[in-house]
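So you can see what is in the structure, the chains are spelled out below.
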Amino acid sequence: MIENSKCECGHNNPVGTILCESCGKPLDEETKGKETIVQEMRYEGKARRSQTFQSSPFDMVWNFFSSVKVAIILIIITLIAAGIGTIFPQEKFVPSSDPAAYYEKQYGLWGKWFHIFGFSDMYNSWWFFTMVSLIGISLVVCSLDRVIPLYKALKNQQVRKSVDFLKRQRITAETALTAEEADEKLAKLEQALQSKRYQVKREGNALLAEKGRISRWGPYINHIGLIIFLFGVLLRYVPGWYLDETMWVREGEVKKVPELPYYVKNEGFDITFYDQKNVPKSNQDAGPIAQKYETRAVLYEKEWDTGKLKPVAKGSILVNHPLAYKDLRLVQADFRIGLLDALDLKLVDKESGKALGKFTVDLYDLKPNQVFRVKDKEVVLLDYYPDFALENNRPITKSPDPNKPAFVFEVREKGQAKGERSWVISGQNLDELTKENRYAIDLAGMKMVDSTGLMVRVDKSLNVILFGGVICMIGLVMGFYWHHRRVWALVDDGRLYIGAHTNKNWYSLERELKLIGEIDALQVKRN
């Protein structure tokens, strides 16, 4: 810690200041021994809060997050973690209702650990949220720790600097002159600098010329843009601000939109295929290729007082032409043609071989112990397996979709407490399991339906993210295309001293000053 920050010129500087705020002389012994003070000019030598070495808990946290190294490490860790998350597909793209079992089965031990550590749902995980938050905190602290002292230093710049300050600059010049020449020389120098669009201030025999100060704020404008961008990303974790889900809606079905108080009805699905004659030979083996598919949809909102569905939007949904309502977008994404929707089954008397009647099973609207009446008989649904399979000789369903429906029915006389059971798999009665049964249940017909795949998109934070990106680009332009240049001049003891500094592009400043005829014997230190 710097215990005594009072300069030789008499100015009392805040603790931690490297260069005197008034005359520019180095205040610590280490800096005094340097030939140039370019590094100390980064924040005008002004003390940053993190350099005061206070030991309170708040200061320790502040000093930790004000470190650029810490910010870089946080970004690298986040990038590495995000890279690991791309090794295997995310959960939303996994065709399984049990992701843990899927990852272990497909990718072995690596897949198991991939799921355990949350990489399978990385962007919704607590640790990814934490890393993004820490990066945002680091950006805020780093910016405040530097921009506040920089603002104070640039706002209160002193025109008169010490000879030592000027001689330590990378670009310097020194000329002997008489007392009569001093005022004339400074006047000509002032005019020459003004012709180069410098803003010139003069106090007696001292001069300060400055231009391009706006570039000093470029990195901090850039930081503000990044902070707004990260804030927009974090808003996606707020319920209702971001949604990216997929839903399937069959023709004629009214289905609730995931996580939102809306319902969508598929009034009809149309698809047009390319003529096989116009399809390249290399793609003909892939079967028909869709040219256009369209969903005629109605969006409903449930009224809170009556519970009725009120239509709020209606239109056709095509690829790249979503149905939009407020922040919701329904995007055409996929289709399924010829899906099994319902089965017509008939009850057959084995003894007479006659069909006693039919009943229809809606594969998407089945209830436990549902009763179907066939004349004076009752057919009761005991079990239903939409996607039937055997595992360890036990019936299971591989998915909730009716890909291979299987049923366990009980046929009984009206009013009878118990009847005979029958297995029906994909519409076929398993007679070998129920040879003693009097009744059989056979397939009488099928009802097929088309289904549309819609992406449900809500992104209220998108405007915040875009705004942050625009601010970030403005900061980059300010930092890259403008340069903060300053020229100091001082007449002292019969000599004219000139020092120049820029935050970047030293060769351009050197070339510019050489064009000014009032600066003689220009010296450039190449360190």
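Look up: the structure comes first, before these words.
Please read all numbers here as calculations on a predicted model, not as lab measurements.

Chemist: When you look at the overall build of the protein chain in this model, what are you seeing that I'm missing?
Modeler: Looking only at helices and strands, the protein chain features 11 helices and 22 strands. Looking at the protein chain residue by residue over its 527 residues, the buried ones come to 43%.

Chemist: What's the story with the packing of aromatic side chains in this structure? I'm lost.
Modeler: Both the distance between ring centres and the angle between the ring planes are used here to describe each pair of aromatic rings. Tallying each qualifying case throughout the model produces 26 aromatic pairs. Ring geometry for tyrosine 384 versus phenylalanine 407: centroids 5.2 Å apart, planes at 10 degrees, classification stacked. Here tyrosine 384 is found in strand 13 (residues 377-385), whereas its partner phenylalanine 407 is found in strand 16 (residues 406-413), with 23 residues between them in sequence. Classification of tyrosine 384 by relative accessible area gives partly exposed; the value is 22%. A network of ring pairs unites the aromatic residues Phe88, Tyr102, Tyr103, Tyr107, Phe114, Phe119, Tyr123, Trp127 and Phe128 as a single cluster. Seen from the ring of tryptophan 506, arginine 170 lies directly overhead, with NZ or CZ sitting 4.5 Å from the centre. A cation over an aromatic ring shows up here: arginine 336 above the ring of tryptophan 248, its NZ or CZ 3.8 Å from the ring centre.

Chemist: Looking at this model, I keep getting lost on the pattern of salt bridges. Mind explaining?
Modeler: A side chain of one charge can pair with a side chain of the opposite charge when the charged atoms of the two come close. Within the structure shown, the criterion is met by 25 salt bridges. For arginine 495, the salt bridge is made with glutamate 174, and the minimal N-O distance between the two is 2.7 Å. One end of the pair, arginine 495, is in strand 21 (residues 495-502); the other, glutamate 174, is in strand 1 (residues 171-176), and 321 residues separate them in sequence. Look at arginine 495 and you get partly exposed, because its relative accessible area is 30%. For glutamate 174, a relative accessible area of 32% gives the class partly exposed. Across the pair arginine 412 and glutamate 378 runs a salt bridge whose closest N-O atoms are separated by 3.5 Å. Highlighted residues: arginine 412 in strand 16 and glutamate 378 in strand 13, separated in sequence by 34 residues. In this structure, arginine 412 and glutamate 378 share a single accessibility class: buried.

Chemist: Help me understand the nonpolar core, please; the structure alone is not making it clear to me.
Modeler: Considering soluble globular proteins, one finds that nonpolar side chains tend to be buried as a cluster. Counting 23 residues, the largest nonpolar core has Leu193, Val487, Ile498 and Leu513 as the members making the most contacts within it. At five residues, the largest contribution of residues to this core is made by helix 7 (residues 179-195). The residues contacting valine 487, other than those within four sequence positions of it, are Leu193, Tyr198, Leu207, Leu208, Ala209, Ile498, Gly499, Ala500 and Leu513. In terms of nonpolar packing, the next biggest core, distinct from the first, is built from 19 residues, Val70, Tyr102, Phe119 and Ile135 among them.

Chemist: Looking at this structure, I do not really get the layout of surface pockets. What am I missing?
Modeler: Rolled over the atoms, a probe as big as a water molecule pinpoints where empty space is left. Considered as a void within the structure, the largest pocket measures approximately 1500 Å³ in volume. If you trace the largest pocket, you find 42 residues lining it, with Lys92, Leu243, Asp244, Glu245 and Thr246 closest to the centre. It is strand 4 (residues 242-250) that contributes the most residues to the lining of the largest pocket, eight residues altogether. Split by residue class, the lining of the largest pocket holds 22 nonpolar, seven polar and 13 charged.

Chemist: Just to check I follow, could you spell out helix 4 (residues 99-116) for this structure?
Modeler: Helical geometry note: an α-helix holds 3.6 residues per turn, so side chains three or four residues apart project in the same direction. When the terminal C-alpha atoms of helix 4 are compared, their 10 Å separation across 18 residues is substantially less than the 26 Å that a helix rising 1.5 Å per residue should span. The largest bend along helix 4 measures about 150 degrees and falls at tyrosine 107. Those residues of helix 4 lying buried are Pro99, Tyr102, Tyr103, Gly111 and Phe114. Positive phi appears at glycine 118, one or two residues downstream of helix 4, with a value of about 85 degrees.

Chemist: Looking at this structure, I do not really get the sheet that holds strand 6 (residues 262-273). What am I missing?
Modeler: Strands belonging to one sheet form pairs held by backbone hydrogen bonds; the direction of such a pair is parallel or antiparallel. Read across the open sheet, the four strands follow the order 5-6-7-8; overall the sheet is antiparallel. Each edge of the open sheet is held by one strand with a lone partner, namely strand 5 (254-256) and strand 8 (309-317). Going from strand to strand, the sheet's axes swing by 30 degrees on average, the running direction of each strand aside. Pairing of strand 5 with strand 6 involves three bridges; the strand directions are antiparallel. By the bridge assignment for strand 6, valine 254 is matched with lysine 265.

Chemist: When you look at the environment of isoleucine 271 in this model, what are you seeing that I'm missing?
Modeler: Relative to the elements of secondary structure, isoleucine 271 occurs in strand 6. By relative accessible area, which is 23% here, isoleucine 271 ends up partly exposed. Between the C-alpha atom of isoleucine 271 and that of lysine 292, which follows or precedes it by 21 residues, the distance is 5.7 Å. Leaving out residues up to four positions away in the same chain, isoleucine 271 has contacts with Ala290, Lys292, Tyr293, Phe335 and Ile337.

Chemist: Help me understand the environment of lysine 354 in this model?
Modeler: Following the sequence through the fold, lysine 354 ends up in strand 11 (residues 354-362). Contacts of lysine 354, omitting those with residues within four sequence positions, involve Leu347, Val348 and Asp349.

Chemist: Honestly, the packing of helix 5 (residues 126-155) against helix 8 (residues 218-235) in this entry has me stumped. Any pointers?
Modeler: Each pair of packed helices can be described by the angle between their axes along with the distance between the axes. One can describe the packing of helix 5 onto helix 8 by two numbers: an axis separation of 10 Å at closest approach and a directional angle of 155 degrees. With respect to helix 8, the axis of helix 5 lies roughly antiparallel. The two elements helix 5 and helix 8 cross, and the hand of that crossing is left-handed. Here helix 5 contributes Phe129, Val132, Ser133, Ile135, Gly136, Leu139, Val140, Ser143, Arg146, Val147 and Leu150 to the contact with helix 8, which in turn contributes Tyr220, His223, Leu226, Ile227, Leu230 and Leu234.

Conventions and cut-offs
Residues numbered from 1 in each chain as written. Predicted model: local features only at pLDDT ≥ 70, side-chain atom pairs only at ≥ 80, totals over all residues. Heavy atoms only, no water. Helix = DSSP H or I, 4+ residues; strand = E, 2+ residues; numbered from the N terminus. Buried < 20%, exposed > 50% of the residue type's maximum accessible area, 1.4 Å probe, protein only. Phe/Tyr/Trp six-rings, centres within 6.5 Å; stacked < 30°, edge-to-face > 60°. Lys NZ or Arg CZ within 6 Å of the ring centre and 35° of its normal. Salt bridge = Lys/Arg side-chain N within 4 Å of Asp/Glu carboxyl O. Core = buried A, V, L, I, M, F, W, Y, C linked by side-chain atoms within 4.5 Å. Contact = heavy atoms within 4.5 Å. 1 Å grid on protein atoms, 1.4 Å probe; cavity = no way out; pocket = protein on both sides within 12 Å on 5 of 7 lines; lining within 4 Å. Points joined across faces, edges and corners; volume = space filled by probe spheres on them. Nonpolar A, V, L, I, M, F, W, Y, C, P; charged D, E, K, R; others polar. Expected span 1.5 Å × (residues − 1). Bend = angle between axes of the 7 residues up to and from the residue. Pairing = 2+ DSSP bridges. Axes fitted to C-alpha atoms, helices over the stretch in contact; angles between N-to-C directions. Parallel < 35°, antiparallel > 145°, perpendicular 65-115°, else oblique. Left-handed = near helix turned anticlockwise from the far one by under 90°.

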